[in-house]
Amino acid sequence: MSATTENSGRSLVIPALGGLYSALHDASETLLRAVAGIFLTIHGSQKITDPFGAAEMVEGLGFYPGAFWSLLLACTEFFGGIFIAIGLLTRPAAFAGMFVLLVTVWFHWVTMGEGFSGAEKSLLWAAILFFFVIRGGNRQSVDARIGRAL
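The notes below deal with the structure included here. Please read these numbers as outputs of a predicted model, since none were measured by experiment.

What to know about the side chain of Ser141
Phase 1 of the analysis: Within the fold, Ser141 resides in the loop between helix H5 (115-135) and helix H6 (142-146).
Phase 2 of the analysis: Discounting residues that sit within four places of it in the chain, Ser141 has contacts with Arg33, Ile86 and Gly87.

What follows is the structure, encoded as structure tokens:
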């Protein structure tokens, strides 16, 4: 890579770093995807052990029947997180996770009245997952290995 950043056409302040940035481009994106997926899986592991445990909570948000949405929430976080981490069906898994996170934004900001400070973490994670909805799993993903991606 030359002394310009990818697609920007602007010169780097420290041109010698161009090679480092280029070398770490895919690895940094893969690390972000893996961390996001693992964290979502860990968060979902609490729900997957009792997949109907959030039924009352999701009905309180207006999602009926609660048992169905609670199960879907648990599977989205746990299995979707695994899929994101390994890069399998990355875009649909990231979209589903992003949707869940946007619902939590609504829950914290509006329903609980916590405003930005209550929704901040969910907004950040939704933005990270939006990145993977658009970008997919990159070259270091199961999607790439099998030659298929949505």
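Having seen the structure, we can now continue with the description.
A few points about unusual backbone geometry
Phase 1 of the analysis: The omega torsion across Tyr64 and Pro65 is -5°, close enough to zero to call that bond cis.
Phase 2 of the analysis: The topology assignment puts Pro65 in the loop between helix H2 (55-60) and helix H3 (66-86).
Phase 3 of the analysis: Non-glycine residue Leu89 carries a positive phi angle of around 50°.
Phase 4 of the analysis: Among the structural elements, Leu89 can be located in the loop between H3 and helix H4 (90-111).
Phase 5 of the analysis: Accessibility expressed as a relative area gives 40% for Leu89, which makes it partly exposed.

Focus: the packing of aromatic side chains
Phase 1 of the analysis: Applying the stated criterion across every chain yields a total of six aromatic pairs.
Phase 2 of the analysis: Ring plane angle 50° and centroid distance 5.7 Å describe the contact between Phe39 and Trp125, whose orientation is recorded as tilted. With Phe39 in helix H1 (residues 18-48) and Trp125 in helix H5, this pair connects stretches of sequence that are 86 residues apart.
Phase 3 of the analysis: A residue is classified by how much of its surface remains accessible, and Phe39, at 46% relative accessible area, is partly exposed.
Phase 4 of the analysis: Aromatic side chains Phe68 and Trp69 sit 5.0 Å apart centroid to centroid with 80° between the ring planes, which places their arrangement in the edge-to-face category.
Phase 5 of the analysis: Members of the aromatic cluster, connected to one another through ring pairs, are Phe63, Phe68 and Trp69.

Comments concerning the layout of surface pockets
Phase 1 of the analysis: In this model, the largest pocket occupies a volume close to 720 Å³.
Phase 2 of the analysis: Every residue lining the largest pocket is counted, 28 residues in all, and those nearest its centre are Leu73, Glu77, Val100, Leu101 and Thr104.
Phase 3 of the analysis: Looking at the lining of the largest pocket, the elements that each hand over two or more residues are H1, H2, H3, H4 and H5.
Phase 4 of the analysis: No other element matches the eight residues that H4 contributes to the lining of the largest pocket.
Phase 5 of the analysis: Each residue belonging to the lining of the largest pocket can be placed in one class, and the counts come to 19 nonpolar, six polar and three charged.

Describing the nonpolar core
Phase 1 of the analysis: One finds Ala36, Leu40, Ile84, Ala93, Ala94, Met98, Leu101, Ala126, Ile128, Leu129, Phe132 and Val133 forming the largest nonpolar core, which totals twelve residues.
Phase 2 of the analysis: Looking at which element gives the most residues to this core, the answer is H5, with five residues.
Phase 3 of the analysis: Among residues more than four places away in sequence, those in contact with Ala126 are Met98, Leu101 and Leu102.

Observations regarding a nonpolar patch on the surface
Phase 1 of the analysis: On the surface, Phe79, Ile82, Phe83, Ile86, Leu89 and Leu150 cluster together into a nonpolar patch covering about 520 Å² of accessible area.
Phase 2 of the analysis: Summarising the element assignment, Leu150 is placed in the segment after H6.

Describing the environment of Trp125
Phase 1 of the analysis: Residue Trp125 is classed as partly exposed on the basis of its relative accessible area, which comes to 22%.
Phase 2 of the analysis: Each C-alpha atom of the pair Trp125 and Met98 lies 7.6 Å from the other, and the pair is 27 residues apart in sequence.
Phase 3 of the analysis: Residues in contact with Trp125, not counting those within four places in the same chain, are Ala36, Phe39 and Leu101.

Some remarks on the packing of H4 against H5
Phase 1 of the analysis: Two numbers describe how H4 lies on H5: the axes approach to 8 Å, and their chain directions differ by 165°. By the angle between their axes, H4 is roughly antiparallel relative to H5. Two packed elements cross with a definite hand, and for H4 against H5 that hand is left-handed.

Parameters at a glance
- Residues numbered from 1 in each chain as written.
- Predicted model: local features only at pLDDT ≥ 70, side-chain atom pairs only at ≥ 80, totals over all residues.
- Heavy atoms only, no water.
- Helix = DSSP H or I, 4+ residues; strand = E, 2+ residues; numbered from the N terminus.
- Contact = heavy atoms within 4.5 Å.
- Buried < 20%, exposed > 50% of the residue type's maximum accessible area, 1.4 Å probe, protein only.
- Phe/Tyr/Trp six-rings, centres within 6.5 Å; stacked < 30°, edge-to-face > 60°.
- 1 Å grid on protein atoms, 1.4 Å probe; cavity = no way out; pocket = protein on both sides within 12 Å on 5 of 7 lines; lining within 4 Å.
- Points joined across faces, edges and corners; volume = space filled by probe spheres on them.
- Nonpolar A, V, L, I, M, F, W, Y, C, P; charged D, E, K, R; others polar.
- Core = buried A, V, L, I, M, F, W, Y, C linked by side-chain atoms within 4.5 Å.
- Patch = residues over 30% accessible without salt bridge, like charges linked within 9 Å, V, L, I, M, F, W, Y side chains within 5 Å.
- Areas by Shrake-Rupley, 256 points an atom, 1.4 Å probe, with all protein chains shown as cover.
- Salt bridge = Lys/Arg side-chain N within 4 Å of Asp/Glu carboxyl O.
- Axes fitted to C-alpha atoms, helices over the stretch in contact; angles between N-to-C directions.
- Parallel < 35°, antiparallel > 145°, perpendicular 65-115°, else oblique.
- Left-handed = near helix turned anticlockwise from the far one by under 90°.

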